[in-house]
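# An overview of the molecular structure
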Amino acid sequence: MRNARSRLCGDDNLGASAEPCGGDWRGTSVWLSLKLPTDLKVEIHYSGGIMNCRSACCNHWSSEERLDGKTVIITGANTGIGKETARDLARRGARIVMACRDMERAEEARTDILEDTGNENIIIRKLDLSDTKSIRAFAQIINKEEKQVNILINNAGIMMCPYSKTVDGFEMQFGVNHLGHVLLTYLLLDLIKCSAPARIVVVASVAHTWTGLRLDDINSETSYDAMKAYGQSKLANVLFVRSLAKRLQGTGVSVFSLHPGVVQSDLWRHQHQCIQVAVKIFRIFTKTTVEGAQTTIFCAVEQGLESQSGNYFSDCAPARCSRAAANDDLAQTLWEVSCDMLGITWQ
């Protein structure tokens, strides 16, 4: 078995966006924060033929923390940073519950992780975050079969997809990225509290800075902008963590949100051709899935983070979130709206 050591190789605060350009780069605006083979971060902003660059130092982190006897649930653990998070925590000795929609890909990922780490205590369970019935069925199984849940990692998500709705009629990005994880956390919270000290980690994004909450059209039924809808779902992630942390004070459960960086993953599959071209061009500068998983792992295992509960992280360190994401009144409003949409009572 490999040494349970995790290392960050640099990068942070990367966002990417583009206006539809139909193969023509005029009118296109793309932001890329690039990781060079040094300790520098370079952020490139391309707009209308003008390219601006700026660099900053990046943090490094490593840990040999063990998780023997701990149970970890990771949503979307069959691919991307979710899979690498599962791999890392499996090396640390944790029992891993891979919560996935695609069971075939989940089994392939489980086999790969088992062969790589030697940890046989890895199971897969069906979870479709776009269907509240699936979420409730998953939670029922976990509450029945698992004696504890020490770490819940809300990692799964979709990014800037064409407009569609979940089974329950929610705009897909808001429904999967935010509401699905809210309901999952709610249904597992008693077990998590009984497992304290415990942690809940929510993978958000710097995209939370792209927009505000459209409380008058939360499901984007009047108009739909894929980028803004994604940003709204990520803002909701950060606000949810802020509200949840306050409600969990004194319980021994800590909550964190984070930006993983721009990662070479399947999330880009729905992006406009402009963005996909840009990502391919600058591929060597973006994070690998292993690198992209590091801040998630940091929030899950780093000792002494309890006083930071409710905060937003990037590059394995506390980071500044947007003004909207730090608005307690907005966070409370979102909490009430989310509970109403899900039909749950959560004071």
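Scroll up to find the structure this text is about.
### As for the packing of aromatic side chains
According to the stated counting rule, one finds 9 aromatic pairs in the structure shown. A centroid spacing of 6.2 Å and a plane angle of 70 degrees characterise the contact between phenylalanine 240 and tryptophan 346, whose relative ring orientation is edge-to-face. With phenylalanine 240 in helix α5 (residues 226–247) and tryptophan 346 in the segment after α9 (328–342), this pair connects stretches of sequence that are 106 residues apart. Here phenylalanine 240 and tryptophan 346 have matching classes, each one buried. Geometrically, the ring pair formed by phenylalanine 298 and phenylalanine 313 is tilted, given 5.9 Å between the ring centres and 50 degrees between the ring planes. Of this pair, phenylalanine 298 sits in helix α8 (residues 294–301) while phenylalanine 313 sits in strand β12 (residues 312–314), and the two are 15 residues apart along the sequence. On the basis of relative accessible area, phenylalanine 313 is assigned to the buried category, the value being 0%. Following the ring pairs from residue to residue traces out a cluster consisting of Trp61, Phe256, Phe298 and Phe313. Positioned above the aromatic ring of tryptophan 335 is the side chain of arginine 247, whose terminal nitrogen or guanidinium carbon lies 3.9 Å from the ring centre.

### A closer look at the nonpolar core
Judged by nonpolar contacts, the single largest core of 56 residues is most densely connected at Ile73, Phe138, Leu188, Ile200 and Trp346. Among the secondary structure elements, those contributing two or more residues to this core are β7 (95–100), α3 (132–145), α4 (172–194), β10 (198–203), α5, β11 (253–259) and α9. When residues in this core are grouped by element, the largest group, 12 residues, is from α4. Apart from residues no more than four positions distant in its own chain, isoleucine 200 is found in contact with Leu152, Asn154, Thr185, Leu189, Ile192, Leu244, Leu248, Val253, Ser254, Val255 and Phe256. Core analysis: the next-biggest nonpolar cluster, separate from the first, contains 33 residues, Ala77, Met98, Ile124 and Ile153 among them.

### Some words on the pattern of salt bridges
Summed over all chains, the structure comprises 15 salt bridges. Note that glutamate 306 and arginine 199 form a salt bridge whose closest N and O atoms lie 3.3 Å from each other. Highlighted residues: glutamate 306 in the loop between α8 and β12 and arginine 199 in strand β10, separated in sequence by 107 residues. Lysine 246 serves as the salt-bridge partner of aspartate 328, at 2.8 Å between the closest nitrogen and oxygen.

### A short note on the sheet that holds strand β13 (residues 317–318)
Judged by pairing direction, the sheet is mixed, and its 8 strands sit side by side in the order β8-β7-β6-β9-β10-β11-β12-β13 without closing on themselves. The sheet is open, and its two edges are formed by β8 (122–126) and β13, each paired on a single side. Across 6 bridges, the pairing between β10 and β11 is parallel. Of the residues in β11, the one forming a bridge with valine 202 is serine 257. Seen against the sheet, helix α1 (residues 80–91) touches β6 (71–75), β7, β8, β9 (151–154) and β10 and runs at an angle of roughly 170 degrees to β6. Along the sheet, α3 contacts β6, β7 and β8; its crossing angle with β8, the most-contacted strand, is approximately 145 degrees.

### Thoughts on the pairing of β7
With 5 of its 6 residues buried, β7 lies for the most part within the structure. Bridge count between β6 and β7: 5 bridges; the pairing is parallel. Among the inter-strand pairings, isoleucine 74 is bridged to a residue of β7, identified as methionine 98. Read from β6 through α1 to β7, the crossover connection turns out right-handed. Summarising the sheet, β7 and β8 pair through 5 bridges and their orientation is parallel. Along β8, the bridge assignment pairs alanine 99 with arginine 125.

### Overview of α1
For α1, built from 12 residues, the straight-helix expectation of 16 Å at 1.5 Å per residue is met to within 8% by its first-to-last C-alpha distance of 17 Å. Among the 12 residues that make up α1, 12 are buried, leaving the element largely enclosed by the rest of the structure. Looking only at α1, the buried set comprises Gly80, Ile81, Gly82, Lys83, Glu84, Thr85, Ala86, Arg87, Asp88, Leu89, Ala90 and Arg91. One or two positions beyond α1, positive phi appears at glycine 93, with a value near 95 degrees.

### Regarding α9
In a regular helix each residue adds 1.5 Å, so 15 residues correspond to 21 Å; α9 covers 21 Å between its end C-alpha atoms and thus fits that length. For α9, every residue scored as buried is listed here: Leu330, Ala331, Leu334, Trp335, Ser338, Cys339, Met341 and Leu342. Projected down its long axis, α9 carries its buried residues within an arc of 165 degrees, all on one side. Away from its buried face by more than 90 degrees, α9 exposes Asp329 and Asp340. One side-chain oxygen of the residue at the start of α9 lies 2.9 Å from the amide nitrogen of aspartate 329, identifying that residue as asparagine 327. Glycine 343 occupies a position one or two residues after α9 and carries a positive phi of about 70 degrees.

Rules used in this analysis
Residues numbered from 1 in each chain as written. Predicted model: local features only at pLDDT ≥ 70, side-chain atom pairs only at ≥ 80, totals over all residues. Heavy atoms only, no water. Phe/Tyr/Trp six-rings, centres within 6.5 Å; stacked < 30°, edge-to-face > 60°. Helix = DSSP H or I, 4+ residues; strand = E, 2+ residues; numbered from the N terminus. Buried < 20%, exposed > 50% of the residue type's maximum accessible area, 1.4 Å probe, protein only. Lys NZ or Arg CZ within 6 Å of the ring centre and 35° of its normal. Core = buried A, V, L, I, M, F, W, Y, C linked by side-chain atoms within 4.5 Å. Contact = heavy atoms within 4.5 Å. Salt bridge = Lys/Arg side-chain N within 4 Å of Asp/Glu carboxyl O. Pairing = 2+ DSSP bridges. Axes fitted to C-alpha atoms, helices over the stretch in contact; angles between N-to-C directions. Right-handed = clockwise from strand over helix to strand, strands pointing away. Expected span 1.5 Å × (residues − 1). Arc of directions from axis to C-beta. Polar contact = N/O pair within 3.5 Å; in protein donor to acceptor, adjacent residues only side chain to side chain.

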